[in-house]
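The chain contents come next:
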Amino acid sequence: MPNAKPALARVSEDQTAELADMFRLMSDPSRLRIILACLETPTSVGDMATALGLSPSLVSHHLRLLRAGRLIQAERRGNRVYYLITDEHIRRVLSDMVDHVAESDDLDADEPNDSPS
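Scope of this entry: the structure provided in the associated data block. Keep in mind the model is a prediction, meaning the values are calculated, not measured.

**With respect to the overall build of the chain**
Step number 1: In terms of helices and strands, the chain carries six helices and three strands.
Step number 2: Traced from its N-terminal end to its C-terminal end, the chain shows the element sequence α-α-α-β-α-α-β-β-α.
Step number 3: Taking all 117 residues of the chain together, the buried fraction comes to 25%.
Step number 4: Restricting to contacts in the chain with at least 6 residues of sequence separation, those with at least 24 account for 54%.
Step number 5: For the chain, the computed accessible surface area is about 8,400 Å², with 55% contributed by carbon and sulfur atoms.

**Looking at helix α3 (residues 29-37)**
An α-helical turn contains 3.6 residues, so a residue and the one three or four places further along point in the same direction.
Step number 1: Considered for burial, the residues of α3 that qualify are Ser 30, Arg 31, Ile 34 and Ile 35. Seen along its axis, α3 keeps its buried residues to an arc of 140°; they face one direction.
Step number 2: Of the residues that open α3, the one with a side-chain oxygen 2.9 Å from the backbone nitrogen of Ser 30 is Asp 28.

**Thoughts on the packing of α3 against helix α4 (residues 45-52)**
Step number 1: In the contact formed by α3 and α4, the axes pass within 11 Å of each other and the chain directions differ by 120°. In terms of orientation, α3 and α4 fall into the oblique class. Crossing of α3 against α4: the hand is right-handed. Mapping the contact onto sequence places Arg 33, Ile 34 and Ala 37 in α3 and Met 48, Ala 51 and Leu 52 in α4.
Step number 2: The residue inventory of the contact of α3 with α4, partitioned by class, reads five nonpolar, no polar and one charged.

**Focus on the sheet that holds strand β3 (residues 80-84)**
Step number 1: Ordered in space as β1-β3-β2, the three strands form an open sheet in which the pairing is antiparallel. In this open sheet, the two strands that pair with only one neighbour each are β1 (43-44) and β2 (73-77).
Step number 2: The pairing of β1 with β3 spans two bridges and is antiparallel. Its bridge partner lying in β3, Thr 43 is registered against Tyr 83.

Thresholds, definitions, all that
Residues numbered from 1 in each chain as written. Predicted model: local features only at pLDDT ≥ 70, side-chain atom pairs only at ≥ 80, totals over all residues. Heavy atoms only, no water. Helix = DSSP H or I, 4+ residues; strand = E, 2+ residues; numbered from the N terminus. Buried < 20%, exposed > 50% of the residue type's maximum accessible area, 1.4 Å probe, protein only. Contact = heavy atoms within 4.5 Å. Areas by Shrake-Rupley, 256 points an atom, 1.4 Å probe, with all protein chains shown as cover. Arc of directions from axis to C-beta. Polar contact = N/O pair within 3.5 Å; in protein donor to acceptor, adjacent residues only side chain to side chain. Axes fitted to C-alpha atoms, helices over the stretch in contact; angles between N-to-C directions. Parallel < 35°, antiparallel > 145°, perpendicular 65-115°, else oblique. Left-handed = near helix turned anticlockwise from the far one by under 90°. Nonpolar A, V, L, I, M, F, W, Y, C, P; charged D, E, K, R; others polar. Pairing = 2+ DSSP bridges.

In structure tokens, the structure reads:
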């Protein structure tokens, strides 16, 4: 059952600042793409860099920021480190937002084209 208290009443000033920092971290398109790359499966820096067309050093820089913001966790497997989203709240919010954006694209495609031929 959802919490009956209003959202504003559930967070302190410090928590509001922390929440704003999380949204700031996700506002950079490259960082958001990195987060989304880790949404479904643990992913290494090299795999992310290749998939996203970014340099490994830039991906590593963004990952440091995302880990500090508690958006992504690291998991060592042998000599490689894999990054993933383990917090179910973060995973759910991002999945819902991806669905929302995809849904609006689907709705736009269903609308008749009013432009002249």
